[in-house]
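Results of the structural survey
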Amino acid sequence: MSQPTIESILQEKRVFPPSAEFASAARINPEAYEALCQKAAADPVAFWGELAAQELDWFEPWQQTLDWSNPPFAKWFVGGKLNISHNCLDRHLTTWRKNKAAIIWEGEPGDSRTLTYAQLHREVCQFANVLKSLGIQKGDVVGVYMPMIPEAAIAMLACARIGAVHSVVFGGFSAEALRDRLVDGQAKLVVTADGGWRKDAIVPLKDSVDQALEGNACPSVQHVLVVERTKQDIHMEPGRDHWWHELQQTVSATCPAEPMDSEDLLFVLYTSGSTGKPKGVVHTTGGYNLYAHITTQWTFDLQDTDVYWCTADVGWITGHSYIVYGPLSNGATTLMYEGAPRASNPGCFWDVIEKYGVTTFYTAPTAIRAFIKMGEQHPAARDLSSLRLLGTVGEPINPEAWIWYHRVIGGDRCPIVDTWWQTETGGHMITSLPGAVPTKPGSATKPFPGILADVVDLDGRSVPDNEGGYLVIRHPWPGMMRTVYGDPDRFRRTYWEHIPPQNGQYLYFAGDGARRDADGYFWVMGRVDDVINVSGHRLGTMEIESALVSHPAVAEAAVVGRPDDLKGEGIVAFITLESGIETGDELVKDLKKHVAQEIGAIARPDEIRFSEALPKTRSGKIMRRLLRSLAAGQEVSGDTSTLEDRSVLDKLRQGT
Ligand code: 6R9
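Residues numbered from 1 in each chain as written. Predicted model: local features only at pLDDT ≥ 70, side-chain atom pairs only at ≥ 80, totals over all residues. Heavy atoms only, no water.

**Focus on the UniProt feature "modified residue: N6-acetyllysine" (unreviewed entry) in the protein**
Under the convention used in this document: UniProt positions are given in the numbering used here, feature names are shortened, and annotations may be inferred rather than shown by experiment. Starting at the N terminus, helices and strands are each numbered in turn, a helix being any DSSP run of H or I of at least four residues and a strand any DSSP run of E of at least two. Burial classes: relative accessible area under 20% of the type maximum marks a residue as buried, over 50% as exposed, and values in between as partly exposed (1.4 Å probe, protein chains only). Pairs of residues are marked as contacts when any of their non-hydrogen atoms sit within 4.5 Å.
Within this structure's numbering, the places UniProt gives as "modified residue: N6-acetyllysine" (unreviewed entry) are Lys621. When you line up the elements, Lys621 lands in the loop between β30 (607–610) and α20 (624–631). Note on Lys621: relative accessible area 59%, which makes it exposed. Excluding its chain neighbours within four sequence positions, the residues that come into contact with Lys621 are Pro615 and Lys616.

**Side note on the pairing of strand β11 (residues 223–227)**
The test is simple: Two strands qualify as a pair provided DSSP detects at least 2 bridges between them.
With respect to burial, β11 is a largely interior element, five of its five residues being buried. Of the two faces of β11, both are covered, the one formed by His223, Leu225 and Val227 as well as the one formed by Val224 and Val226. Sheet topology places strand β8 (residues 189–193) next to β11; five bridges connect them, and they run parallel. Across the sheet, the residue bridging to Thr192 is Val226, located in β11. Where β11 lies against strand β12 (residues 241–243), three bridges are found, and the strand directions are parallel. Each bridged residue has a counterpart across the sheet, and for Leu225 the counterpart in β12 is His242.

**Some words on the site of the ligand**
Convention followed: One heavy atom within 4 Å of a molecule or strand is enough for the residue carrying it to be called near that molecule or strand. In protein, a polar contact means a hydrogen-donor-capable atom and an acceptor-capable atom, both N or O and within 3.5 Å, with residues adjacent in sequence counting only if both atoms are side-chain atoms; elsewhere, any N or O pair within 3.5 Å suffices. Here the Shrake-Rupley method, with its probe set to 1.4 Å, supplies the accessible areas, and only the displayed protein chains count as covering residues. Think of it as three bins: nonpolar holds Ala, Val, Leu, Ile, Met, Phe, Trp, Tyr, Cys and Pro, charged holds Asp, Glu, Lys and Arg, and polar takes everything else, Gly as well.
The environment of the ligand is formed by 17 residues, the closest being Asp418, Thr423, Asp512, Arg527 and Arg538. Within the backbone of Gly394, an N or O atom sits 3.0 Å from a nitrogen atom of the ligand. A distance of 2.9 Å is found between an oxygen atom of the ligand and a side-chain nitrogen or oxygen belonging to Gln422. Summarising the interface, the protein chains cover 96% of the accessible area of the ligand, which totals 530 Å² for the free molecule. Broken down by secondary-structure element, the contributors of at least two residues to the shell around the ligand are α12 (317–329), β20 (416–419) and β25 (522–527). By residue class, the composition of the shell around the ligand is six nonpolar, six polar and five charged.

**Some thoughts on the pattern of salt bridges**
Rule in force here: A pairing counts as a salt bridge when a side-chain nitrogen of Lys or Arg comes within 4 Å of a carboxyl oxygen of Asp or Glu.
For the structure shown, the criterion picks out 41 salt bridges. Between Arg97 and Asp304 there is a salt bridge; the shortest N-O distance is 2.7 Å. Taken as a pair, Arg97 in the loop between α5 (84–93) and β4 (101–106) and Asp304 in the loop between α11 (285–299) and β16 (307–310) lie far apart in primary sequence, 207 residues in all. Here Asp304 falls in the partly exposed class, since its relative accessible area comes to 32%. Members of the salt-bridge network, linked through shared partners, are Lys206, Asp210, Arg240 and Asp241.

**Remarks on the nonpolar core**
Short version of the rule: Joining through side-chain atoms within 4.5 Å is the link that ties buried Ala, Val, Leu, Ile, Met, Phe, Trp, Tyr and Cys residues into a set, and such a set is a nonpolar core.
Core analysis: the largest hydrophobic core is formed by 119 residues, its most contacted members being Trp48, Leu120, Phe127 and Tyr325. Counting residues per element, this core draws most heavily on helix α7 (residues 150–162), which supplies ten residues. Residues contacting Trp48, with those up to four places away along its chain left out, are Trp76, Phe77, Leu290, Tyr291, Ile294, Phe448, Pro449, Gly450, Ile451 and Pro478. Val209, Val559, Ile571 and Ile599 belong to the second-largest nonpolar core, a separate cluster that totals 48 residues.

**A short note on the packing of helix α18 (residues 541–549) against helix α19 (residues 585–598)**
Worth spelling out the cut-off: As a rule, the C-alpha atoms of each element are fitted with a line to give its axis, helices using only the stretch in contact, and angles between N-to-C directions run from 0 to 180 degrees. What sets the label is the angle itself: under 35 degrees gives roughly parallel, over 145 gives roughly antiparallel, 65 to 115 gives roughly perpendicular, and the rest give oblique. By the definition used in this description, the sense in which the near helix is turned from the far one sets the handedness, with an anticlockwise turn below a right angle giving left-handed and a clockwise turn giving right-handed.
Interhelical geometry of α18 versus α19 gives an angle of 120 degrees and a closest axis separation of 9 Å. Taken together, the axis directions place α18 and α19 in an arrangement best described as oblique. Note that α18 runs across α19; the crossing there is right-handed. Contacts between α18 and α19 involve Ile544, Ala547 and Leu548 on the former and, on the latter, Leu591, His594, Val595 and Glu598. Partitioned by chemical class, the residues of the contact of α18 with α19 number five nonpolar, one polar and one charged.

**Description of the environment of Ala32**
The residue Ala32 is located in helix α3 (residues 30–42) in this model. Note on Ala32: relative accessible area 26%, which makes it partly exposed. Each C-alpha atom of the pair Ala32 and Gly435 lies 9.9 Å from the other, and the pair is 403 residues apart in sequence.

**Focus: the sheet that holds β20**
Strand order in the open sheet formed by seven strands is β5-β4-β17-β16-β18-β19-β20, with mixed pairing between adjacent strands. Lying at the two open borders of the sheet, with one neighbouring strand each, are β5 (112–116) and β20. The average undirected angle you get between the axes of adjacent strands in this sheet is 20 degrees. Relative to strand β17 (residues 333–337), β16 runs parallel, the two being bridged by three bridges.

**Digging into the UniProt feature "domain: Acetyl-coenzyme A synthetase N-terminal" (unreviewed entry) in the protein**
Taking the UniProt record as the reference, the feature "domain: Acetyl-coenzyme A synthetase N-terminal" (unreviewed entry) is found at residues 33–88. Annotated as 48% helix and 27% strand, the span residues 33–88 places its first and last C-alpha atoms 26 Å apart.

**Considerations on α5**
In terms of burial, α5 is a largely internal element, nine of the ten residues being buried. Taken residue by residue, α5 has Ile84, Ser85, His86, Asn87, Cys88, Leu89, Asp90, Arg91 and His92 as its buried positions. Structurally, the start of α5 carries an N-cap: the backbone nitrogen of Ser85 is 2.7 Å from a side-chain oxygen of Asn83.

**Considering unusual backbone geometry**
Between Pro71 and the following residue, Pro72, the backbone shows a cis peptide bond with an omega angle of 5 degrees. Phi angles above zero are rare outside glycine, and Asp301 is one such case at about 45 degrees. The topology assignment puts Asp301 in the loop between α11 and β16.

**Details of the packing of aromatic side chains**
Convention followed: For Phe, Tyr and Trp, rings pair up if their centres lie within 6.5 Å, where Trp contributes its six-membered ring, and each pair is then called stacked (planes under 30 degrees apart), edge-to-face (over 60) or tilted (otherwise).
This structure, assessed with the given rule, holds 39 aromatic pairs. Where Tyr470 meets Phe509, the ring centres are 5.8 Å apart and the plane angle is 45 degrees; that geometry is what we call tilted. Here Tyr470, found in strand β22 (residues 469–473), pairs with Phe509, found in strand β24 (residues 508–516); they are 39 residues apart in sequence, far enough to count as distant. Summarising the aromatic geometry, the rings of Trp496 and Tyr508 are spaced 5.6 Å apart at their centres and angled 65 degrees between planes, so their arrangement reads as edge-to-face. Highlighted residues: Trp496 in helix α17 (residues 488–496) and Tyr508 in strand β24, separated in sequence by twelve residues.

In structure tokens:
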């Protein structure tokens, strides 16, 4: 159950073609796939243009499919007008889908709700009117800090309906992390709940919002809307805080969808990078709508009878594209689950599959590894025969976990789609289409039709088959991020300049290492920058370091990832203390707690090691490579000649 190493992946020779039964009923069979790939390769811009016309409703047509005259700033469907909330709701109301389940929701305590498309539309229109009544206008940023309840999706769709820009902050982030994101986005309003259920306990979201706003720390925020979910006592600030259910009663259920320019902002979503400050990834309306829509349809072979369940949280891009926008744009039934497997019910996921007859299940390798550990008896005790397709996302999946997933959950009959993509890409970039592409455990397989992925060296030259290199995308695509919120220079620097443009051709640098085999299959090896992937959550080592050095006892901190059987990567922090501070268990506890307070529990270090000094180069750069080896318990290999003080390494080895 270890992470895929180069060795394990090179030895992986198993191939799983789609069954004849699956392929014959699939939306995209092998012939259709070939035709799509050829068409897309011949003229990618025309390919996307045709799909946009065919798959989405437009209030006004576009004049130019792609404007790439000012790279790396792309514009798609220039001049076109549409509204994603219209595409997710209104257009289904004139069809038989009007009374189809749009969202099936299951709460952790066992309560549940189903909203049809007509009901969801009504709730969204009402909430859009609530936002308007509180002064929210087109272009305003609205923070969404919510548990996994339908109101999270309703809030997002209501923003989109009136042209407000949502900035969803994962409910597991701390008050401090929330504050940073609200301040960066100049949010005018925050939508939250009293709390949410997670592992039999209440996550006190409203308390965190109060803390984030304390002392006028976010002066732009004028109102807070609170959903009543867990019903514990909370503070309601008069004039600022309002109950969702009270205001929903006061407004009309009619709210036309605002015609949005294709390039109007749809949302900002913060993600970690190589520096201490998370960046606001900007997605716009038209390109994102098409990309979330078509990737959902093809990758998940969406059928009208499907009950589709993605276990992500709406606070992550996977929740945006594959719980809310992609499925609803297609008129599918999307299942939302509030809880997580927990001691009181380790089999709760399998209960949900059995209860609703889930057909399509999309989760993360870290969850699969946790299921393996919890034992086969839990899935074995439930009827999982409704499943027909499985998916994974978030990190490389080790072949053994893949095989377990295929056998135990998929009953050896369900294809697995391993989808490689990022917050920045908006949707799937490398994935199999389940009726068409044979899978190899551990490989995300091939680029989505229309995506020109490559593995290159630092000069942008393609590397030979089976050699490691940097994963890049050679041509713009509709779902690509448009910029970093408020910092276009950072967008250019982070994604487009590591590998300099070649003869005017810009390459999107994903930050992942990869190799491609002789069959054209991609094997993603993990991040090549200072980003670590803990349980499929992306964290910047610098972010955790800044949190640590904000503690008064800490002089200097260096954070690295180390392989972890369950979480993919665990967090190890090397720390030098201010003089006169004693190390001890209490301090370790305190430092871990401090990081959880600054960022969130997901960033809590697994191990803290104290040291008199950190290994640095003569120019003062911390040699993380050495720390990574030490953290993983490996011998330090490679060149250490640039180390300023060799005795530091010896001391670290001895654990002093
Ligand atoms: C969707 C999402 C993106 C990073 C990405 C890569 C890793 C995601 C993967 C995968 C191997 C897969 N990643 N899916 N690595 N195989 N199928 O996770 O977005 O949170 O932005 O993370 O996750 O390292 O660069 P995000």
